[in-house]
Amino acid sequence: MITRYVTFVALKIGRALLTLLVIATLTFMVLQMAGDPVTVLLGPDATDEMIRGFSERLGLDRSIAAQYGLYLANIVRGEFGMSFLHARDALDLVMGHVSATLLLSGTALLLALAIGLPLGAYAAIRHGGTGDTIAMTFAVLGYCIPNFFLAILLMLLLSIQWPLFPTAGGETLRHLVLPAITLGTSAAAIIARFTRSALLEVLGSRYMVAARSRRIAPWRLLVHHALPNAAIPVVTVVGFMVGGMISGSIIVESVFAWPGIGNLLVNSVANRDIPVVQVIVLLSGATMVVTNLVIDILYGWLDPRIGRRRHAA
Amino acid sequence: MASGFITRRGVLGAGAALPLIMKMGPALAQERPSITVAMQEIRTEMDPLHPRAIALTAFRVLESIYDKPLRIDYDAGGEPVPALAERIEQVDDTTHLMTLRRGVLFHDGSEMRAEDVAFTFGSERMRNEDAPGYGVGQQSLALISDVEVVDDYTVRITTSAPDPIFQRRWAGVGTGIISRAAYEAADDFETWARNPIAAGPYKVVDMRENDFILLEAHDDYWGGMPPLQSIRFQMVSELSARIAGLRAGDFDIITTVSPDQIETIEANAGFDVVGGDNMHFRTLAYDVNHPVLADPRVRQAMNLAIDRELIVESLWSNRISIPRCHQNPGYGPLYDASRAIPAYDPDRARQLLQEAGYSGELIPFRTVGSFYTAELATTQVLVEMWRAVGLNIEIQVKENWGQVLDPVGRGFNNSSDGTYYPDPLASLWTRWGETGAFQSRGYWSNEEFNQLGKTLVSSTDQQERRDAFQRMLDIWCNEDPPGTVLHSLGEFFGKRADIIWEPTQTALLDFRPGAISFS
């Protein structure tokens, strides 16, 4: 039994590593194909002499195959090279921006859960009524409104009309408010819609009818019986959101000049700072892989039947 | 008991108050305002010879950190005037003596000496082929063959050939003086470039890649106390976010405002827009290796089909001008005010295309769309103007400059030529000359143009230089055009209306004493 479990885990880890290798290779190839990194880095005013000198310093005068081989060898050693753009260790540079993104995406996610779960539950309970219509109208609006537009709208309202929060930067918690609302709004809308549909399914099930016939209090019905059973699809979608927060934060960080890795990624891709892009992409990939593992564990906890099925398999 | 003016208690009290009094100077300095400048990009490589520091966005920050031996006084006809150098005297055709200003202190409090100047332009930093500043140095200081220390405040500069614009070069790109000791104490060039020690009015105190650069007043600045306590250059990529931040009071000055946003900003009495014309040229660059563009008549027709006045009126609200070919009034005796702006003559364009046998072949027009102000709109307008004379132009929007400049399948592209001191050597020759960006990338070459360029580079006879330059303009603008000037590179800045400030003629940000004040 233990051997089977170890094989299962090893297979999972092997697949994850293969996924990361494919991600690293594809990123390298795409960035190489999308223009000479040195020309991009130095801009249109650079002369041949500057380009030659800079290429030699960065090791970009080697063949693509040699650069790729060296890159993979460095990854195995846990080295990601120096940022072309900032001449600093790429991993250090990215890690210096991670905390800001975690703070932003964590706050946005909490906000999304705090709004999305009650809104979805309310809509499900008031299914077909005015409350449901209003809640879902807000959810659809929140989902449809582009982040960029919402960001500018929030700036106009909460920074210019009523000067409550700053528009750019990341020095204080006040700087966090507008980007977190922007990033959290669409996530809240998605959670609300998933919560509503999952709850509607659960509320209509026979065991809920049976529970109601036993005159269990409505709030107790919701909290103890309906919500836990409706949690699986919501946890799945929240899991995807956690994994996708880096990509989701790109536009928001760029608009609000929030100093996180989304902003760093935009700048690094635009400047073909390949080592930094690789670190961020690998980090995103690793986040997705870890999140999926955590979701698998959570499934088992939320629905023991899933755990038993896997165990039996 | 108070029997006189001087008492024991009084003396002790005065003694206790002394440190407080001594602190009053800096305390007064603290009262100076601090400002935040929002820019579309910041570059944290802050050595002027770093290859990443040659963009306009980088120059804007470097302007506050560095002082140069000379500076250009545009109010005095674009002539060089003393800055860190008191004077530069010519000894013979290739030798000059530079006498330094005494008592100039670097940001770390050490005094600037001749050895710093010799090191700044020396082999280790700039002149050796493997020196980190070699590439940028070759752009404007290639003629320097030696810089020797004569005494603590004098250096002897030797050039490999006579240099007609020797003085002006010392106000140009890459000539900011650095502290040798601080440079040598840094771990490497990159570390140094993030925290340089120079002699400008503001010093670097903090920075973060993709985020901000914070400068603080250098109170021992030789030119007087800097008017600002600190300057924060904040990177905000999106123009709409920069405008919102200006209106919200988060920023005091914002850069690169597009002309269609000027009205929005000025609608509020608390803000205004400055800038517009400057010495840089907004251009197009043609690759003559393209089979259609190989014929100069096609390129001439393209230039004649452009109604520049209409572009300036409709997209720029007439806030910028159209240069008379590739020249600026600041060029002084080399400038020909009688030369007309590039002609708009669609009939002649059609005739030239017919003579060239053009029959509708596709010509690719590459652009990144958002690098220059109103770039995409200008590109679309141009294509319609060309369509009106029968040219078949395809817009290719590229993601970056590497793709735009890729020689495979290249037709022509949007471009610009910066001019950081008033002489054609700073622009026409640097960009289009024999070793300039376009010829070295294989866009175009013209033997007569290159020969004339040699006269422009080496002749000390002003009339000879003027004749050579004007003939080069005939070739560049009319006979064998490798591109064209559309208009000056308009640059607009939004700011708080109570800030009295203007960008420089080269679209840089000067915050020295006298350059900025508050109403």
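Residues numbered from 1 in each chain as written. Chains lettered and ligands numbered in written order. Predicted model: local features only at pLDDT ≥ 70, side-chain atom pairs only at ≥ 80, totals over all residues. Heavy atoms only, no water.

Novice: Looking at this structure, I do not really get the overall build of chain B. What am I missing?
Specialist: Each helix and strand in chain B was counted, giving 20 helices and 20 strands. Rg of the C-alpha trace for chain B: 26 Å, near the compact-globule value of 24 Å for 519 residues, within the 12% margin. Principal-axis analysis of the C-alpha atoms places the extent of chain B at approximately 110 × 60 × 45 Å. Of all 519 residues assigned to chain B, the portion counted as buried reaches 58%. For chain B, long-range pairs separated by at least 24 residues make up 68% of all intrachain contacts whose partners lie at least 6 apart in sequence. Split by element, the accessible area of chain B, about 20100 Å² in all, is 49% carbon and sulfur. Of the side chains in chain B, 47 bear a positive and 73 a negative charge, and the two mean positions are spaced by 3 Å. (Helix = DSSP H or I, 4+ residues; strand = E, 2+ residues; numbered from the N terminus. Rg over C-alpha atoms; globule rule 2.2 N^0.38 Å. Buried < 20%, exposed > 50% of the residue type's maximum accessible area, 1.4 Å probe, protein only. Contact = heavy atoms within 4.5 Å. Areas by Shrake-Rupley, 256 points an atom, 1.4 Å probe, with all protein chains shown as cover. Lys, Arg positive; Asp, Glu negative; His and termini not counted. Charge placed at Lys NZ, Arg CZ, Asp CG, Glu CD.)

Novice: Explain the sheet that holds strand β6 (residues 144-151) of chain B here, please?
Specialist: Hydrogen bonding along the main chain pairs the strands of a sheet, whether they run parallel or antiparallel. All names here are of chain B. Spatially, the four strands line up as an open sheet ordered β4-β5-β7-β6, and their pairing is antiparallel. Edge positions in the open sheet fall to β4 (85-92) and β6, since each of these has one partner strand only. Averaged over all adjacent pairs, the angle separating strand axes in this sheet is 20 degrees, with direction ignored. The pairing of β6 with strand β7 (residues 154-159) spans six bridges and is antiparallel. Looking at the pairing, V149 lines up with V155 of β7. (Pairing = 2+ DSSP bridges. Axes fitted to C-alpha atoms, helices over the stretch in contact; angles between N-to-C directions.)

Novice: What should I look at first to understand the state of the cysteines in this one?
Specialist: Working definition of a disulfide: a covalent bond connecting the sulfur atoms of two cysteines. Residue and element names in this part refer to chain B. Across all of its chains, the model carries one disulfide over all chains by this definition. The residue that forms a disulfide with C325 is C477, at a sulfur-sulfur distance of 1.5 Å. Disulfide C325-C477: torsion about the S-S bond near 75 degrees, hence right-handed. Separated by 152 residues along the polypeptide, C325 in the loop between α13 (308-316) and α14 (346-355) and C477 in helix α20 (residues 462-479) bring together distant segments of the chain. The same class applies to C325 as to C477, namely buried. (Disulfide = S-S within 2.5 Å.)

Novice: For this particular structure, what's the right way to read the interface of chain B and chain A?
Specialist: A common way to report how large an interface is uses the accessible area buried once the components associate. Facing the 46 residues of chain B at the interface are 46 residues of chain A. Ranking the residues of chain B by area buried against chain A places R52, E209 and N210 of chain B at the top, with a combined share of 16%. Applying the counting rule to chain B against chain A returns two salt bridges. Taking the shortest distance from any N to any O, the salt bridge between R88 of chain A and E209 of chain B comes out at 3.1 Å. Joining chain B to chain A, the criterion identifies six residue pairs in polar contact (both at pLDDT 80 or more). Ranked by the residues each element gives to the side of chain B that touches chain A, the list is headed by helix α10 (residues 239-248) of chain B, at six residues. Taken together, the residues of the side of chain B that touches chain A sort by class into 16 nonpolar, 15 polar and 15 charged. (Buried area = accessible area lost by both parts, 1.4 Å probe. Salt bridge = Lys/Arg side-chain N within 4 Å of Asp/Glu carboxyl O. Polar contact = N/O pair within 3.5 Å; in protein donor to acceptor, adjacent residues only side chain to side chain. Nonpolar A, V, L, I, M, F, W, Y, C, P; charged D, E, K, R; others polar.)

Novice: Looking at this model, I keep getting lost on the packing of helix α5 (residues 90-125) of chain A against helix α6 (residues 130-144) of chain A. Mind explaining?
Specialist: Packed helix pairs are specified by the crossing angle of their axes together with the interaxial distance, meaning the distance between the axes. All names here are of chain A. It is the contact of α5 with α6, at a shortest axis distance of 7 Å, that shows an interaxial angle of 145 degrees. Crossing of α5 over α6 shows left-handed handedness. In this structure, α5 uses L119, Y122 and A123 to contact α6, whose residues at the interface are G131, D132, A135 and M136. Taken together, the residues that form the contact of α5 with α6 break down as five nonpolar, one polar and one charged. (Left-handed = near helix turned anticlockwise from the far one by under 90°.)

Novice: Sorry if this is basic, but what is going on with the environment of R125 of chain B here?
Specialist: Residues and elements named next belong to chain B. Inspection of the secondary structure assignment puts R125 in helix α5 (residues 123-127). Residue R125 is classed as buried on the basis of its relative accessible area, which comes to 0%. A C-alpha to C-alpha distance of 13 Å links R125 and I144, two positions 19 residues apart in sequence.

Novice: Would you mind showing me how to read the nonpolar core here?
Specialist: Nonpolar side chains in soluble globular proteins tend to be buried together. Ranked by internal contacts, the top residues of the largest apolar core, which has 134 residues, are V37, M98, W170, F233, F449, W501 and F511 of chain B. Looking at this core element by element, the count peaks at seven residues for α20 of chain B. Contact partners of F511 of chain B, with chain neighbours within four places excluded, come to I35, V37, S64, Y202, P227, L228, I231, F233, I253, W501 and I516 of chain B. Grouped together as the second largest cluster of nonpolar side chains are 77 residues, A112, I191 and W258 of chain A together with Y358 of chain B included. (Core = buried A, V, L, I, M, F, W, Y, C linked by side-chain atoms within 4.5 Å.)

Novice: Just checking my understanding: could you explain the environment of F212 of chain B for this structure?
Specialist: Residues and elements named next belong to chain B. By the secondary structure assignment, F212 is in strand β9 (residues 212-217). Spatially, the C-alpha atom of F212 lies 11 Å from that of Q40, the residues being 172 residues apart in sequence. Those residues in contact with F212 that lie beyond four places of it in its chain are I42, D206, M207, R232, F233 and Q234.

Novice: Sorry, what's going on with the packing of aromatic side chains here?
Specialist: All names here are of chain B. Evaluation of the coordinates by the stated rule reveals 25 aromatic pairs over all chains. Where F365 meets F412, the ring centres are 4.3 Å apart and the plane angle is 15 degrees; that geometry is what we call stacked. Here F412 lies in strand β16 (residues 412-417) and F365 lies in strand β14 (residues 362-367), a separation of 47 residues in the sequence. Judged by its relative accessible area of 0%, F365 is buried. Arranged with centres 5.3 Å apart and planes meeting at 75 degrees, the rings of W432 and W476 form a pair that is edge-to-face. A residue pair is termed long-range when its members are at least 10 positions apart, and W432 in helix α17 (residues 428-432) and W476 in helix α20 qualify at 44 residues. (Phe/Tyr/Trp six-rings, centres within 6.5 Å; stacked < 30°, edge-to-face > 60°.)

Novice: I tried to follow the side chain of T506 of chain B on my own but got confused; where do I start?
Specialist: Residues and elements named next belong to chain B. One can find T506 in the loop between β19 (499-501) and β20 (516-518). Classification of T506 as buried rests on a relative accessible area of 6%. Looking at T506, its side chain comes within polar contact range of the side chain of T504, at 3.0 Å. T506 has contacts with L56, Y74, M279, H280, T419 and Y420, leaving out every residue within four places of it along the chain.

Novice: Looking at this model, I keep getting lost on the sheet that holds strand β10 (residues 230-235) of chain B. Mind explaining?
Specialist: Residues and elements named next belong to chain B. Pairing in this open sheet of seven strands is mixed, and the strands run β8-β9-β10-β1-β11-β18-β12 from one edge to the other. Of all strands in the sheet, those bounded by a partner on one side alone are β8 (202-208) and β12 (271-276). When β12 meets strand β18 (residues 491-496), the two strands line up antiparallel, connected through six bridges. Note on β18: the bridge partner recorded for G276 is E491. Helix α3 (residues 56-65) rests against β1 (34-39), β8, β9, β10 and β18 of the sheet, and its axis sits at about 20 degrees to β9.

Novice: In this structure, what is going on with the side chain of T484 of chain B? I would like to understand it.
Specialist: All names here are of chain B. Among the secondary structure elements, T484 is positioned in strand β17 (residues 483-488). Within polar-contact distance, the side chain of T484 engages the side chain of R308 at 2.7 Å. Apart from residues no more than four positions distant in its own chain, T484 is found in contact with R282, T283, L284, Y286, N303, I306, R308 and W476.

Novice: How should the pattern of salt bridges be read in this particular structure?
Specialist: Should the charged atoms of two oppositely charged side chains come close, the side chains can pair. Residues and elements named next belong to chain B. As enumerated under the stated definition, the model contains 40 salt bridges over all chains in all. Here D498 and R496 are joined by a salt bridge, their closest N and O atoms 2.8 Å apart. Here R496 falls in the partly exposed class, since its relative accessible area comes to 24%. Among the charged side chains, a salt-bridge network with shared partners connects R339, E448, R471, D474 and E479.

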